[in-house]
Amino acid sequence: MSATEAAETAELLTQAKDALERYLEVHVDDDGALTFSHGDVPCVIQATRLGEGLTVLTLTCVVGWDLPDRPELSIAVAERAGQGLFGTLGVGHSDNGVDVTLRYAFPAAGLDAAALGTLLMLVVSTASQLRTDLPGIVPGA
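Rules used in this analysis
- Residues numbered from 1 in each chain as written.
- Predicted model: local features only at pLDDT ≥ 70, side-chain atom pairs only at ≥ 80, totals over all residues.
- Heavy atoms only, no water.
- Pairing = 2+ DSSP bridges.
- Helix = DSSP H or I, 4+ residues; strand = E, 2+ residues; numbered from the N terminus.
- Contact = heavy atoms within 4.5 Å.
- Axes fitted to C-alpha atoms, helices over the stretch in contact; angles between N-to-C directions.
- Polar contact = N/O pair within 3.5 Å; in protein donor to acceptor, adjacent residues only side chain to side chain.

As annotated in an unreviewed UniProt entry, the protein chain carries the name Putative sensory transduction regulator and is attributed to Amycolatopsis australiensis.

Okay, structure coming up:
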């Protein structure tokens, strides 16, 4: 990564951190990624420079993890995936079961703190709502 790329991604992550700290406690990892939780949903934000003038933020929220692989969960995820405005809902399979994530990537350069914070919180709030709504994610649900 060039010095310019590093500076652009670091600046965008700093802006995202400042915007989110209005709502949540945010931690900066050793690699510069931002981590935080909204309710019981862990989230991470990373920045990537795709080309000159195009640096994107990627927000990943882990809605559920190590879940039993049941058809009703896959059906509910597929139905909700088509309804979402902010983010891509997905199911990943691992040795420990099924993981459900909500991901959203967007070019964030030029957004002020209020707009950036609002956009990020729309995605994070959606992830928290999905954790409550989807069958079998919340223990005892």
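So much for the structure itself; the text now carries on.
Chemist: What exactly am I supposed to notice about the pairing of strand 4 (residues 54–67) here?
Modeler: Each regular strand shows side chains that alternate between the opposite faces of the sheet. Where strand 3 (residues 41–51) lies against strand 4, 8 bridges are found, and the strand directions are antiparallel. Among the inter-strand pairings, Ile-45 is bridged to a residue of strand 4, identified as Leu-59. A loop of 2 residues connects strand 3 with strand 4, the two strands running antiparallel in sequence, and Gly-53 in this loop sits at a positive phi of about 80°.

Chemist: Looking at this structure, how should I read the sheet that holds strand 6 (residues 97–107)?
Modeler: Two pairing modes exist for strands in a sheet, parallel and antiparallel, and in both the strands are linked by backbone hydrogen bonds. Reading across the sheet, the 6 strands line up as 1-2-3-4-6-5 and stay open at both edges, with antiparallel pairing between neighbours. Because the sheet does not close on itself, it has two edges, and the strands there are strand 1 (27–28) and strand 5 (88–94). Bridge count for strand 1 against strand 2 (residues 34–38) is 2 bridges, and the pairing is antiparallel. Following the sheet pairing, Val-28 is matched in strand 2 by Leu-34. Here helix 1 (residues 3–20) sits on the sheet and contacts strand 1, strand 2, strand 3 and strand 4; the angle it forms with strand 3, its principal contact strand, is near 150°. Taken strand by strand, helix 2 (residues 71–81) contacts strand 4, strand 5 and strand 6, and its axis lies near 155° from that of strand 5.

Chemist: Would you take a moment to explain the side chain of Thr-9 for this structure?
Modeler: Here Thr-9 is to be found in helix 1. From its side chain, Thr-9 meets the backbone oxygen of Ala-6 in a polar contact 3.1 Å long.

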